[in-house]
Amino acid sequence: MAEITYRDALNQALAEEMERDDQVFLMGEEVALYSGAYKVSQGLLQKFGEKRVIDAPITEAGFVGLGIGAAHVGMKPVIEVMTYNFAILALDQIINNAAKLRYMSDGQYSVPMVLRGPGGAGGSLGAQHSQALEQQFVHIPGLKVVMPATPHDAKGLLKAAIRDPDPVMFIESEKLYNVKGEVPEGEYLLPIGRAEVKKEGSDVTIITWSRMLTAAVLPAVERLEAEEGISCEVVDAMTLRPLDYDTLVNSIRKTNRCVIVEEAWPQASVGSWISHEMQKRAFDYLDAPIGHVHQEDVPMPYAFNLEEAALPSPAKVVEAVKKVCYAD
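Residues numbered from 1 in each chain as written. Predicted model: local features only at pLDDT ≥ 70, side-chain atom pairs only at ≥ 80, totals over all residues. Heavy atoms only, no water.

Caption draft 1: Expanded view of the environment of Gly 62. Within the secondary structure layout, Gly 62 lies in helix 3 (residues 60-72). For Gly 62, a relative accessible area of 42% puts it in the partly exposed group. Gly 62 sits 27 residues away from Leu 89 along the chain, and the two C-alpha atoms are 9.5 Å apart. (Helix = DSSP H or I, 4+ residues; strand = E, 2+ residues; numbered from the N terminus. Buried < 20%, exposed > 50% of the residue type's maximum accessible area, 1.4 Å probe, protein only.)

See below:
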């Protein structure tokens, strides 16, 4: 095991997959000469050359479409958007070309492409650059949506995403790039579509993903167990489509209570959908309504203090857990 940053874990995954398969290439704004806006592609241009690490113009619909076309003919593009907010500009390509090709060709074609980049709050970047937009992609049949929370999971899931035959929306958190964690030496992959119990508990299940695991949930769990005596089981969904229903339901059967914590807005969110599915699949095991902690239903403020106020926090998670445990 080596302790490295989330950024370096992604870099390792890219380098290993480009070394393993010469059909893999990276394209995006400033990924080559500048090494990426967040330095995820550091050193890749020097190692693999300008034909496989390609700077694109500021035309998301154009270079995402180019990646889809390359995937049509057997290449394995990794397309970086500088922020997932900019993926909005390529939604026609993503939804109508990448997501639907396998279905509309009756399985004759697939799109083995990864669209990766940071999403969510970035630290005083303003409302147009601080959006958790995963629900847009989870809504679309034909797409897979992956949101890892740790360096270990980021590397294993990115490698799996690059090898996947279908388009994968790989959403990172801008605030996780410098976070360190243990990553195994050598080759390993993690399966897409499998959640993981990050911490065992008996009184309540907390379902979350991406940065909310470390920024809001785990600090809240420490407080709840130390101050309230509430034993929390923490489940990291990791993949939002396909979702690992079995792991989530089995945890709720064990604890009989559930709180969902996500960075996105509440209406029609991934958390709302998971809540519906858990109510349907685990209704007889629930002893309280499912709790939901989310961003405030407003555009993200620019000021640092207001951004923090708008986002889920350990205090908000504590409040939600106490409510479902009838401890408030």
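Back to the text.
Caption draft 2: Spatial organisation of the sheet that holds strand 5 (residues 114-119). Spatially, 3-2-4-5-7-6-12 is the arrangement adopted by the 7 strands of the open sheet, whose pairing is mixed. Single-partner strands in this sheet number two, and they are strand 3 (53-55) and strand 12 (239-241). Direction aside, neighbouring strands of the sheet carry axes that sit 20° apart on average. Relative to strand 7 (residues 168-173), strand 5 runs parallel, the two sharing 6 bridges. Its bridge partner lying in strand 7, Pro 118 is registered against Glu 172. (Pairing = 2+ DSSP bridges. Axes fitted to C-alpha atoms, helices over the stretch in contact; angles between N-to-C directions.)

Caption draft 3: Representation of the sheet that holds strand 11 (residues 232-236). Spatially, the 5 strands line up as an open sheet ordered 9-11-10-13-14, and their pairing is mixed. Looking at the sheet topology across the chains shown, the edges are occupied by strand 9 (196-199) and strand 14 (291-293). Recorded for the sheet is a direction-independent mean angle of 25° between the axes of neighbouring strands. Relative to strand 11, strand 9 runs antiparallel, the two being bridged by 3 bridges. Paired with Val 197 across the bridge in strand 11 is Val 235. Of the strands in this sheet, strand 9, strand 10 (204-208), strand 11 and strand 13 (258-261) touch helix 9 (residues 245-255), which is tilted by about 175° from strand 11. (Contact = heavy atoms within 4.5 Å.)

Caption draft 4: Geometry of the pattern of salt bridges. Under the counting rule described, the total for this entry stands at 26 salt bridges. Across the pair Glu 17 and Arg 163 runs a salt bridge whose closest N-O atoms are separated by 2.9 Å. On the criterion of sequence distance, the pair formed by Glu 17 in helix 1 (residues 6-20) and Arg 163 in helix 7 (residues 151-163) is long-range, its members being 146 residues apart. Given the relative accessible area of 30%, Arg 163 is considered partly exposed. Among the ionic pairs, Glu 225 bridges to Lys 199, the shortest N-O distance being 2.6 Å. Of this pair, Glu 225 sits in helix 8 (residues 212-228) while Lys 199 sits in strand 9; the two residues are 26 residues apart in sequence, bridging distant segments of the chain. Residue class for Glu 225 comes out partly exposed when judged on its relative accessible area of 31%. One network of salt bridges, in which partners are shared, links Glu 16, Glu 17, Arg 20, Lys 155, Lys 159, Arg 163 and Glu 187. (Salt bridge = Lys/Arg side-chain N within 4 Å of Asp/Glu carboxyl O.)

Caption draft 5: Spatial organisation of the packing of aromatic side chains. The full count for this structure, using the stated rule, is 4 aromatic pairs. Between the aromatic rings of Tyr 245 and Trp 273, the centroid separation amounts to 6.3 Å while the plane-to-plane angle is 80°, which identifies the pairing as edge-to-face. With Tyr 245 in helix 9 and Trp 273 in helix 10 (residues 270-281), this residue pair connects regions lying 28 residues apart in the sequence. Of the residues examined, Trp 273 reaches a relative accessible area of 26% and is grouped as partly exposed. Here the aromatic cluster, defined as three or more aromatic residues joined through ring pairs, consists of Tyr 6, Tyr 38 and Tyr 177. For Lys 39, the ring lying beneath its charged end belongs to Tyr 34, and the centroid distance is 3.4 Å. (Phe/Tyr/Trp six-rings, centres within 6.5 Å; stacked < 30°, edge-to-face > 60°. Lys NZ or Arg CZ within 6 Å of the ring centre and 35° of its normal.)

Caption draft 6: Here's a closer look at the domain arrangement of the protein. For the protein, the domain assignment lists domain 1 (2-183) and domain 2 (196-324). When each unit is reduced to the centre of its C-alpha atoms, the spacing between domain 1 and domain 2 is 26 Å. With 30 residues of domain 1 at the contact, the number on the domain 2 side is 27 residues. For the domain 1 and domain 2 pair, buried surface summed over both sides reaches about 2300 Å², with 58% attributable to carbon and sulfur atoms. Its largest share of buried area at the contact with domain 2, domain 1 owes to Ser 124, Val 138 and Met 147, together 24% of the area lost on that side. The tally of links between domain 1 and domain 2 comes to 3 salt bridges. (Domains from an automatic or database assignment. Buried area = accessible area lost by both parts, 1.4 Å probe.)

Caption draft 7: Geometry of the environment of Pro 289. Structurally, Pro 289 is set in the loop between helix 10 and strand 14. Assessed through its relative accessible area of 60%, Pro 289 is described here as exposed. Considered as a pair, Pro 289 and Ser 275 are 14 residues apart in the sequence and their alpha carbons are 9.4 Å apart.

Caption draft 8: Structural view of helix 10. Taking 1.5 Å per residue, 12 residues should reach 16 Å; helix 10 reaches 16 Å between its end C-alpha atoms and fits that length. Burial in helix 10 covers these residues: Val 270, Gly 271, Ile 274, Ser 275, Glu 277 and Met 278. Check the buried side of helix 10 and you find it contacts helix 6 (134-138), strand 10, strand 12, helix 9, strand 13 and strand 14. The residue sitting at the N-terminus of helix 10 and contributing the capping side-chain oxygen is Ser 269; that oxygen lies 3.4 Å from the backbone nitrogen of Gly 271. (Expected span 1.5 Å × (residues − 1). Polar contact = N/O pair within 3.5 Å; in protein donor to acceptor, adjacent residues only side chain to side chain.)

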